[in-house]
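Below are the chains, spelled out letter by letter.
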Amino acid sequence: MVTIQKYVKAQSLEEAWKLNQGKKNRILGGMLWMRLGNGTISTAIDLCDLGLDTIEETDEEFSIGARVTLRELEQHVGLNTYTHDAVKNAVKDIVGVQFRNMATIGGSIWGRFGFSDVLTMLLALDTEVELFKGGRVCLSDFVKMPKDRDILVRIIIKKTPLKVAYLSHRNTKTDFPVLACCIRLSENGVRAVYGARPAKAFLLEDEEGLLAGMETMSSEEKKTAVQKFADYAARKVPTFGNMRGSAEYRTLLVKVLTRRALEAVGGMTDEN
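**Q** Can you tell me about the layout of surface pockets, naming the residues and giving the values?
**A** Of the pockets and cavities examined, the largest pocket occupies roughly 900 Å³. Lining the largest pocket are 42 residues, with G106, G107, W110, G111 and F113 positioned closest to its centre. Of all the secondary structure elements, the ones that give two or more residues to the lining of the largest pocket are β2 (26–27), α6 (105–110) and α7 (117–123). Considering every element that reaches the lining of the largest pocket, the biggest residue donor is α6, with four residues.

Here's what the structure looks like:
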């Protein structure tokens, strides 16, 4: 059980940042994972008055406030049109609608959770985070940074021409994923991200050029290249065992989900 001694609704990011420098003080999000822990929070800092609950779209990017809920991501027409429904597919099986109406994207990203569908999906896109003091940082660099007392303000998705597919395997519909996979195809090549390994999401680059020029390949060439990359991913992606599945099972899922996602982004199925 978590005990909160003092609650403050911050009136500015500067005020919130100063309060957050106290080691026993905490920024509140949806309070969905935090409440499952134990301990005492000296000052709980609420950001609900700071306008961080909107999604703004321009010709260049999407700017998503840290307090935007997973349900709002799931229902946002612009985001899902741009990502070929990858955003919706990444969040639609997270617990239930009531949960997604409260869970925030800021909490999902700041936690760097190994099981995070949201983090897995965003790593496949051209994504940055904006920190109050740290400024804009590439998401792939952010997940490697040690946690500090800064504040995550928003998530920025740059608009670049791409095709993307998100797939996951769950033992039951609303459980944590046994494995998650997001693959993005663009003019810069293929980017594949694997979450719930069960460690932090793993970014795999096509270092051997197995999928180079995939968009111009014939159907048979695509089929061969996809299988080669699926085998390559199974060799390269580290997996481990836990209560939801063994390392060997997850490696098998890496191969299967990679092939299915590549078939979708490569136009070999109707899933793209």
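Let's pick the thread back up.
**Q** Break down the pairing of strand β6 (residues 127–131) for me, citing the residues and quoting the values.
**A** As a general feature of sheets, a regular strand has side chains that alternate between the two faces. Most of β6 sits out of view: four of its five residues are buried. Two strands pair when backbone bridges link them, and β6 and strand β8 (residues 152–158) are joined in this way by five bridges, in the antiparallel orientation. Each bridged residue has a counterpart across the sheet, and for T127 the counterpart in β8 is I157. If you look at the hairpin formed by β6 and strand β7 (residues 135–138), you'll find three residues sitting between the two strands.

**Q** Describe the sheet that holds strand β10 (residues 179–186), with residues and values.
**A** Taking strand neighbours across the sheet as the criterion, the four strands line up as β9-β10-β11-β12 in an open arrangement whose pairing is antiparallel. Because the sheet does not close on itself, it has two edges, and the strands there are β9 (162–169) and β12 (202–205). Averaged over neighbouring strand pairs, the angle between their axes works out to 15 degrees when direction is ignored. Lying over the sheet, helix α9 (residues 219–236) contacts β11 (189–195) and β12, oriented at roughly 135 degrees with respect to β12.

Quick notes on the rules
- Residues numbered from 1 in each chain as written.
- Predicted model: local features only at pLDDT ≥ 70, side-chain atom pairs only at ≥ 80, totals over all residues.
- Heavy atoms only, no water.
- 1 Å grid on protein atoms, 1.4 Å probe; cavity = no way out; pocket = protein on both sides within 12 Å on 5 of 7 lines; lining within 4 Å.
- Points joined across faces, edges and corners; volume = space filled by probe spheres on them.
- Helix = DSSP H or I, 4+ residues; strand = E, 2+ residues; numbered from the N terminus.
- Buried < 20%, exposed > 50% of the residue type's maximum accessible area, 1.4 Å probe, protein only.
- Pairing = 2+ DSSP bridges.
- Axes fitted to C-alpha atoms, helices over the stretch in contact; angles between N-to-C directions.
- Contact = heavy atoms within 4.5 Å.

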